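Residues per chain, in single letters:
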Amino acid sequence: MTSPTGATADRNHSQSHRRSATASAVSPATETDATDATESTIGQTLVVPGDDDPDERTAERDAAPRTPGRGGMFSALSNRNYRYFFIGQVVSNSGTWVQRIAQDWLVLSLTGSPFAVGVTTAMQFLPMLLFGLFGGVLADRFPKRQLLIATQGAMGLLAAGLAVLTLTGSIQVWHIYLFAFLLGMVTVVDNPSRQTFVVEMVGKRDLGNAVSLNAANFQTARLIGPAVAGGLMAAVGAGFAFAVNAVSFGAVILGLLAMRGSELRPTPRLPREKGQLRAGLHYVAGRPDLIWPIVLIGFIGTFGFNFATILSAFAYSVFHVGPGLYGLLNTAMAVGSLVGALLAARRSRPRLRLLVGAALAFGLLEAVAGLAPSFWVFAALLTLVGLFGLTLNTAANSLVQLRTDPAMRGRVMSLFMMVFAGGTPLGAPLVGWITEQYGPRIGLLACGLVSSAAAAGIGLVLARIGNLRVRLDLQRGPEHPLVAFVPRQRERAEQESAVAIAA
């Protein structure tokens, strides 16, 4: 089956989904394998398209050889192109974390203000909020590998410019704001292109595994980067940290250039036509199974993931530690996130109930961390926060990509990233202001409470839409999950069956 392209086909596609809303049905547990097939008929309004895996049905994309025995935690790495991408990302992500830690500490050193750190974060993510959807249109319209080579090169040049200003002693806070904004403009195109390029490298069968490995990659870099940043800042200053990041982008570019184009699975490129952005929004509007994960990740991204603003304030004014132990806080979160990523890589397909449960645990743990009595208790709680934060992030990413038609994937993922990362310009200054006025503890507590409330509220909405109720099962065993969404019809039938047996 050929995926629809162009504005007309997109409109027809979204109309067909709206017509199917009364006929197709799944529950929050539909993204399961064959063992969960009995649950796939519940929840009458969470619609999944009839052609759930359209790009896997195309013969050209099934033609790539599949190594016998593939599977497990690292199955995506058996793909040569993805291995090159993965190795390049380890180097580049490490450089990105070096710059992020150095930049936050430099802003705080120049101003003494957590609010200024929040403004820097906001400037970096503001372009995603303003122009994020246009980046998705470009990702659907142009070859993604070429786009990534261009965006990675531009990011390297920006890091080099920041290094020159810092090393020459000319750096001012407004320079950092400007470079953060320009980096955000490049990210508008880089993010959806990079997210959707993964499926072109590995196909949909290994997409969930590759998304989790990408997260593990990022968290591994998060272990390396802060340690390197702390050492560089203590030894030679922040300018060399920026220079290291500039050089690191070369690894990604080399990996992209070394790929075999014949082994990629390119999605159909859209012609230049009017209405493509609007068609993407209409597509998502007709898909409750896409809307609610995006809404949830929007709340978490706006309020829950403001660690750049809060952690530096905790280190600086609550625990009174230097850049070395500040880097250790980021390392603690990275350890938990890495464990979460590796656990996620073992799952074949994520579930909506996993997404909601992880978001709820993330928010509650974040709130508790705000009350931690000591540095080491705080660091230990951050490890758990990192684990559940990574779990919800990979679950949401995989859910949205797996359920989206390939012709729409760039636009849908740009909306996902716009909501996730684009909420930061709104949340970061607010969290920075709360932190500055009432202290870091109140700031982190507020972030955690908002995140957990959003998770609980959206979980209830999903249950109501799918005509489900939450059931607690205290029996032990894999067939007895502690918390499960069950359809009211099935529960009623089980009760009637039990009464009949007892009679």
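A quick note: this is a predicted structure, and the numbers were derived from the prediction, not measured. (Residues numbered from 1 in each chain as written. Predicted model: local features only at pLDDT ≥ 70, side-chain atom pairs only at ≥ 80, totals over all residues. Heavy atoms only, no water.)

What's the story with the overall build of the chain in this structure? I'm lost.
Across its full length, the chain carries 18 helices and two strands. In the chain, which comprises 503 residues, the proportion classed as buried is 57%. Sequence separation of at least 24 residues holds for 83% of the intrachain contacts in the chain that already meet a minimum separation of 6. With an accessible surface of roughly 20,200 Å², the chain has 65% of that area assigned to carbon and sulfur atoms. (Helix = DSSP H or I, 4+ residues; strand = E, 2+ residues; numbered from the N terminus. Buried < 20%, exposed > 50% of the residue type's maximum accessible area, 1.4 Å probe, protein only. Contact = heavy atoms within 4.5 Å. Areas by Shrake-Rupley, 256 points an atom, 1.4 Å probe, with all protein chains shown as cover.)

Quick question: what am I supposed to make of the packing of helix α13 (residues 352–369) against helix α17 (residues 440–465) here?
When two helices pack together, their arrangement is given by the angle between the helix axes and the distance between those axes. Between α13 and α17, the shortest axis-to-axis distance is 7 Å and the interhelical angle comes to 160°. The angle between α13 and α17 places the two elements in the roughly antiparallel class. The handedness of the crossing between α13 and α17 is left-handed. Two secondary-structure elements touch here, α13 through Val356, Ala359, Leu360, Phe362, Gly363, Leu364, Glu366, Ala367 and Ala369 and α17 through Leu444, Leu445, Cys447, Gly448, Leu449, Ser451, Ser452, Ala455, Ala456, Gly459 and Leu462. Considering only residue class, the contact of α13 with α17 consists of 14 nonpolar, five polar and one charged. (Axes fitted to C-alpha atoms, helices over the stretch in contact; angles between N-to-C directions. Parallel < 35°, antiparallel > 145°, perpendicular 65-115°, else oblique. Left-handed = near helix turned anticlockwise from the far one by under 90°. Nonpolar A, V, L, I, M, F, W, Y, C, P; charged D, E, K, R; others polar.)

Is there a simple way to think about the environment of Gln99 in this case?
Inspection of the secondary structure assignment puts Gln99 in helix α3 (residues 80–111). Judged by its relative accessible area of 9%, Gln99 falls in the buried class. Separated by 63 residues in sequence, Gln99 and Leu162 place their C-alpha atoms 9.8 Å apart. Dropping the residues within four chain positions of it, Gln99 is found in contact with Ala159, Leu162, Phe242 and Asn245.

Hey, could you run me through the confidence of the model for the chain in this one?
If pLDDT is low for a region, its predicted coordinates should not be looked at in detail. Counting all residues, the mean pLDDT for the chain is 76, and 75% of those residues have values of 70 or more. Within the chain, helix α5 (residues 144–167) carries the highest mean pLDDT (94), whereas helix α2 (residues 59–62) carries the lowest (39). Confidence over residues 1–70 falls short of pLDDT 50; this stretch has 132 contacts with residues more than four positions distant or in other chains. (pLDDT = per-residue confidence, 0-100.)

Sorry, what's going on with the packing of aromatic side chains here?
What describes a pair of aromatic rings is the distance from one ring centre to the other and the angle between the planes of the rings. Tallied over the full model, the rule gives 11 aromatic pairs. Both rings, one in Tyr82 and one in Phe86, keep their centres 6.0 Å apart while their planes meet at 50°; by these two values the pair is tilted. In this pair, Tyr82 and Phe86 both sit in helix α3, four residues apart, roughly one turn of the helix. In this structure, Tyr82 and Phe86 share a single accessibility class: buried. Taking the centre distance of 5.4 Å and the plane angle of 55° together, the rings of Trp97 and Phe218 count as tilted. Of the two residues, Trp97 sits in helix α3 while Phe218 sits in helix α7 (residues 207–235), which places them 121 residues apart along the sequence. Looking at Trp97, the relative accessible area reads 4%, which means it is buried. Feature note: the residues Phe314, Phe319, Phe375, Trp376 and Phe378 constitute an aromatic cluster, connected by ring pairs. Its guanidinium or amino end placed over the ring of Trp97, Arg100 lies 4.5 Å from that ring's centre, counting from NZ or CZ. (Phe/Tyr/Trp six-rings, centres within 6.5 Å; stacked < 30°, edge-to-face > 60°. Lys NZ or Arg CZ within 6 Å of the ring centre and 35° of its normal.)

It is not clear to me how the environment of Tyr177 should be interpreted in this structure. Could you clarify?
By secondary structure assignment, the location of Tyr177 is in helix α6 (residues 173–202). When the C-alpha positions of Tyr177 and Thr121 are compared, they lie 8.6 Å apart, and in sequence the two are 56 residues distant. Residue contacts for Tyr177: discarding those within four places in its chain leaves Ala116, Val119, Thr120 and Met123.

Whenever I open this one, the packing of α6 against α7 confuses me. Can you help?
Closest axis-to-axis distance for the α6/α7 pair is 9 Å, and the angle between their directions is 130°. Overall, the two elements α6 and α7 adopt an arrangement that is oblique. In the crossing of α6 with α7, the sense of the turn from one axis to the other is right-handed. When α6 is examined against α7, the residues Val198, Val199 and Val202 are found in contact with a partner set consisting of Leu207, Ala210 and Asn214. Classifying every residue of the contact of α6 with α7 by side-chain character gives five nonpolar, one polar and no charged.

Before we go on, may I ask you to explain the nonpolar core in this structure?
When a protein is soluble and globular, its nonpolar side chains tend to lie buried together. In terms of nonpolar packing, the biggest core is built from 84 residues, with Leu296, Leu355, Phe378, Leu392 and Phe416 touching the most fellow members. Top contributing element to this core by residue count: helix α14 (residues 375–402), with 11 residues. Those residues within four positions of Phe378 in sequence are excluded, and the remaining contacts are Leu311, Phe314, Phe319, Leu329, Ala369, Ala372 and Leu444. Formed by 21 residues, the second largest nonpolar core is a distinct cluster that contains Leu148, Met201, Val211 and Val252. (Core = buried A, V, L, I, M, F, W, Y, C linked by side-chain atoms within 4.5 Å.)

Would you explain unusual backbone geometry in this entry?
Residues apart from glycine generally show negative phi values, whereas peptide bonds are mostly found in trans. Of note in the backbone geometry, His320 takes a positive phi value of approximately 55° without being a glycine. Mapped onto the fold, His320 is located in the loop between α11 (307–318) and α12 (323–345). Given a relative accessible area of 61%, His320 falls into the exposed group.

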